[in-house]
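# Overview (structure and organization)
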Amino acid sequence: MNARLYFWQRGSAALMVPMIVVHLAVIFYATSQRLTAAEILSRTQGSLAWGLFYGAFVLLASIHASIGTRNILCEWGRLKSGSAGAVASVFGAALIALGLRAVAAVVLP
Amino acid sequence: MSEAVSTLKVSLWRGGSDGRFKTYTVPLKANQTVLDIVTWVQRHLDPTLSYRFACRVGMCGSCAMTVNGRPRWTCRTHVTKVIQNGMLEVAPLANMPVIKDLAADMRPFFEKWVAAHGTFAASKTRTDAIEPIKPDEPARRAADEAIECINCGACYAACDTVRWNPDYLGPAALNRAWSLVNDVRDSDRTSRLAAISAEGGCHNCHSHQSCQEHCPQSLNPTRSIAGLKRLSMQAFVRGEINA
């Protein structure tokens, strides 16, 4: 971990804090209102706002998690920083791909 | 010291990193320190026992060892306060190579101290006027607290992050850097911040606070490291350092 990685990991965490509150509120609302999948999709499909919100969330979570994974691989996996960085980058790219695919599934019309 | 009133079984680490504990029976006396016990074994039972000490009054930081699993300064640790089930186990400090018996190799510890730019870099010469330093300014107070470190290595031996990451500079070196970045007379601030912001620097600290828990001087290196993280981030955002 160096200053640059620390900046991105802590910065992404700080940005995600209010987004997590919104995310939890959405879950609470959807479950308390007993919304069906069809009802949820009817509200999210074609919505630029939800697409941007969850798209940004996926990018931030991927940055945050991949830097943390690199740290774990270095400290507990005894990998060198270069190897850990390579594995963590692949992991982060996978998170972005899977996350954006999930966002696309609920916001694309 | 008073007359011996009973005996104590003490296990001392013997040999290098592949050594083992050897048990000795020593007289238990009043006001006896762990260092007294180790010295008694060397003087009376085995003159080949190796260990390190100098001042015997808690100033030099030479005699730290692992006592019943915890790093402690042995010259100021009373035996009666650390005995567990009538046993005392003394080993060299953890997270450092073993030279022999109870003497740990502190070279990595001090090499990291140097890597963290732990030496004072004067901003003035002896021909300049003496700069007045106000003792009650926040920066000076922070420096004054951190500067009380005696470099015994107890914090380094107790640090989980040092154990996981051998490249981590460790609490003592970073605490020293913190004392210097708060010293207005020092001229090496930016390059010191760059040094402690690199891979293995202050940002590896998980704030477990073992350093604070085990510091015999009751210092708080975790707070020093948190201060360095703040200054490092400020310097990084301003573009003063690259990482």
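Residues numbered from 1 in each chain as written. Chains lettered and ligands numbered in written order. Predicted model: local features only at pLDDT ≥ 70, side-chain atom pairs only at ≥ 80, totals over all residues. Heavy atoms only, no water.

## Remarks on a nonpolar patch on the surface
Together, Phe7(A), Trp8(A) and Val237(B) make up a nonpolar patch on the protein surface, roughly 310 Å² of accessible area in all. Within the secondary structure layout, Val237(B) lies in helix α10 (residues 221–237). The class for Val237(B) is exposed, based on a relative accessible area of 58%. (Patch = residues over 30% accessible without salt bridge, like charges linked within 9 Å, V, L, I, M, F, W, Y side chains within 5 Å. Areas by Shrake-Rupley, 256 points an atom, 1.4 Å probe, with all protein chains shown as cover. Salt bridge = Lys/Arg side-chain N within 4 Å of Asp/Glu carboxyl O. Helix = DSSP H or I, 4+ residues; strand = E, 2+ residues; numbered from the N terminus. Buried < 20%, exposed > 50% of the residue type's maximum accessible area, 1.4 Å probe, protein only.)

## A word on the environment of Thr125(B)
Residue and element names in this part refer to chain B. Tracing the backbone through its elements, the reader meets Thr125 in the loop between α3 (107–115) and α4 (138–146). Residue Thr125 is classed as partly exposed on the basis of its relative accessible area, which comes to 48%. Measuring from C-alpha to C-alpha, the distance between Thr125 and Ile37 comes to 48 Å, with 88 residues separating the pair along the chain. A polar side-chain atom of Thr125 sits 2.7 Å from a polar atom in the side chain of Thr127. (Polar contact = N/O pair within 3.5 Å; in protein donor to acceptor, adjacent residues only side chain to side chain.)

## Comments concerning the sheet that holds strand β1 (residues 6–14) of chain B
All names here are of chain B. Strand order in the open sheet made by the five strands is β2-β1-β5-β3-β4, with mixed pairing throughout. The outermost strands of the open sheet, each flanked by one partner alone, are β2 (20–28) and β4 (70–73). For this sheet, the mean angle separating the axes of adjacent strands, direction not counted, is 35 degrees. In this structure, β1 lies alongside strand β5 (residues 87–91), joined through four bridges in parallel fashion. (Pairing = 2+ DSSP bridges. Axes fitted to C-alpha atoms, helices over the stretch in contact; angles between N-to-C directions.)

## Quick notes on the pattern of salt bridges
All names here are of chain B. Under the criterion given, the structure shown has 14 salt bridges over all chains. A salt bridge links Asp46 to Arg14; the shortest N-O distance between them is 2.6 Å. Taken together, the residues Asp46 in the loop between α1 (34–44) and β3 (64–67) and Arg14 in strand β1 connect sequence positions 32 residues apart. The exposure class assigned to Asp46 is buried, which follows from its relative accessible area of 12%. Looking at Arg14, the relative accessible area reads 13%, which means it is buried. Here Arg140 makes a salt bridge to Asp183, at a shortest N to O gap of 3.6 Å. Of the two residues, Arg140 is situated in helix α4 and Asp183 in the loop between α7 (171–181) and α8 (189–197); the sequence distance between them amounts to 43 residues. A residue is classified by how much of its surface remains accessible, and Arg140, at 13% relative accessible area, is buried. Overlapping salt bridges bring together Arg14, Asp46, Lys100 and Asp101 as one network.

## Remarks on the UniProt feature "transmembrane region" (unreviewed entry) in chain A
Residue and element names in this part refer to chain A. Under the local residue numbering, the UniProt record ascribes the feature "transmembrane region" (unreviewed entry) to residues 12–31, 51–73 and 85–108. The distance from the first to the last C-alpha atom of residues 12–31 is 28 Å, and the span holds 100% helix and 0% strand. Span residues 51–73 is 100% helix and 0% strand, its end C-alpha atoms 32 Å apart. (UniProt positions renumbered as here; feature names shortened; annotations may be inferred.)

## Regarding the domain arrangement of chain B
Quite often, the size of an interface is put as the accessible area lost when its parts meet. All names here are of chain B. What the domain assignment lists for chain B is domain 1 (6–104) and domain 2 (107–237). For domain 1 versus domain 2, the separation of C-alpha centres amounts to 29 Å. Residue Arg70 is joined to Glu213 by a salt bridge in which the shortest nitrogen-to-oxygen separation is 3.5 Å. Joining domain 1 to domain 2, the criterion identifies four residue pairs in polar contact (both at pLDDT 80 or more). Ranked by the residues each element gives to the side of domain 1 that touches domain 2, the list is headed by β4, at three residues. Looking at the side of domain 1 that touches domain 2 residue by residue, the class counts come to nine nonpolar, three polar and one charged. (Domains from an automatic or database assignment. Nonpolar A, V, L, I, M, F, W, Y, C, P; charged D, E, K, R; others polar.)

## Observations concerning the layout of surface pockets
A probe as big as a water molecule, rolled over the atoms, marks out the empty space that is left. Looking at the largest pocket, its volume works out to about 460 Å³. As for the largest pocket, its lining consists of 20 residues, and the residues nearest its centre are Val26(A), Ile40(A), Thr44(A), Trp50(A) and Tyr54(A). Sorting the residues of the lining of the largest pocket by element identifies α1 (3–32), α2 (37–44), α3 (48–75) and α4 (81–107) of chain A as the ones contributing at least two each. Looking at the lining of the largest pocket residue by residue, the classes come out as 15 nonpolar, four polar and one charged. The wall of the second largest pocket is formed by 15 residues, among which Leu79(A), Lys80(A), Ser81(A), Asn165(B) and Asp167(B) lie closest to the centre. Counting residues per element, the lining of the second largest pocket draws most heavily on α3(A), at three residues. Taken together, the residues of the lining of the second largest pocket sort by class into five nonpolar, five polar and five charged. (1 Å grid on protein atoms, 1.4 Å probe; cavity = no way out; pocket = protein on both sides within 12 Å on 5 of 7 lines; lining within 4 Å. Points joined across faces, edges and corners; volume = space filled by probe spheres on them.)

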